[in-house]
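Commentary on secondary and tertiary structure
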Amino acid sequence: MSLLLDRLFGELPEDKSVDTKTFLDNVSTLPPFIDCLGSKVFSIIKSDINGNITKIRAVYVQDPAKYATLQAILEAERETYKEEWPKVGATLALMWLKRGLRFIQVLLQSLADGERDENNPNLIRVNITKAYEQALKKYHGWLVQKVFNAALIAAPYRSNFLKNLSKGEEVKEEECLANVRLFLVNYTATVDAIYEMYTNLNAELDYTV
C-alpha cells in the first residue's frame, strides 16, 4: 500500500471551495512523505508544513461554522486585520503551506511523467530540483537556497524513494507510479484551487526568507 493512498484528497465541488476540516485532515498525513526524501535537511520543509497546519487549525477550531472553508478564513481575516492582511494569521500560514504542497505536487508529477537524469537515471535530484525551483526557490534567500543545494547531495536513489513511498514493500515501479498518479488527481486540483483563491483575493506575497 502506498503512503500516499492512506488518505486520498476528495473531488472539489463546482465552486472549487475547499472544506477546511477535510483539508486539514488530509494534509496532516503528508509530513511523513518528506521523510521518504531521506536527508534531515528536508526536515525544514516538513517542519514548515507541520507548523502551518497547526496555525490554520488553531484558527479553525475557534469557530468551525464560520471558518468552514479556507476562503471563509481568508475573507474573515481580511476584515479583522485590515492593513496587516495578508501577512498575518492563517492567511500567511496557508500561503506558505500551499508552497510546500506545490513542492510535493511538482516532485511527484515529475516522477510520474518519467523525467530523469539520463546520465544518472536512478537519482531523483532532477525531480527535486524542478519542484524546488517551481514552488519554493523564489521565496528563499541565498542562505536557504544554499542549504537546499546541500540537501540534494543526500537525496535518495529513485528506487529507494519509491520503496519508501510503498512503506518499504517491494513493488514494481509502474505500480508505485500508478498510485502516485491516482493521488495526484484530486491533490493537484486542491492545490490549484488554493493558488487561484490567493490570486482572486489578491492575497499573494513575494517576500523572501
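The present account deals with the structure reproduced in this document. (Residues numbered from 1 in each chain as written. Predicted model: local features only at pLDDT ≥ 70, side-chain atom pairs only at ≥ 80, totals over all residues. Heavy atoms only, no water.)

**With respect to helix H3 (residues 43-60)**
- Between its terminal C-alpha atoms H3 stretches 25 Å, which fits the 26 Å expected from 18 residues at 1.5 Å a residue.
- For H3, the full list of buried residues reads Ile45, Ile49, Asn52, Ile53, Ile56, Val59 and Tyr60. Seen end-on, H3 carries its buried residues on one side only, within an arc spanning 125°. Facing away from the buried side of H3 by over 90 degrees, the exposed positions are Ile44, Thr54 and Lys55.
- Turning to H3, the residues buried within the fold contact helix H1 (20-27), helix H2 (31-35), helix H4 (70-81) and helix H5 (89-112). (Helix = DSSP H or I, 4+ residues; strand = E, 2+ residues; numbered from the N terminus. Expected span 1.5 Å × (residues − 1). Buried < 20%, exposed > 50% of the residue type's maximum accessible area, 1.4 Å probe, protein only. Arc of directions from axis to C-beta. Contact = heavy atoms within 4.5 Å.)

**Observations regarding the packing of aromatic side chains**
- Summed over the entire model, instances satisfying the criterion amount to eight aromatic pairs.
- Relative to Phe148, the ring of Phe42 lies with its centre 6.1 Å away and its plane at 80°, an arrangement referred to as edge-to-face. Within this pair, whereas Phe42 is found in the loop between H2 and H3, its partner Phe148 is found in helix H7 (residues 142-153), the two being separated by 106 residues in sequence. As far as burial versus exposure is concerned, Phe42 and Phe148 are alike and both buried.
- Put simply, the rings of Phe9, Phe183 and Tyr187 touch in pairs and so form one group of aromatic residues.
- Above the plane of the ring of Tyr195 lies Lys98, whose end atom (NZ or CZ) is 3.9 Å from the centre. (Phe/Tyr/Trp six-rings, centres within 6.5 Å; stacked < 30°, edge-to-face > 60°. Lys NZ or Arg CZ within 6 Å of the ring centre and 35° of its normal.)

In short, the description is geometric, and any link to function would need to be established separately.
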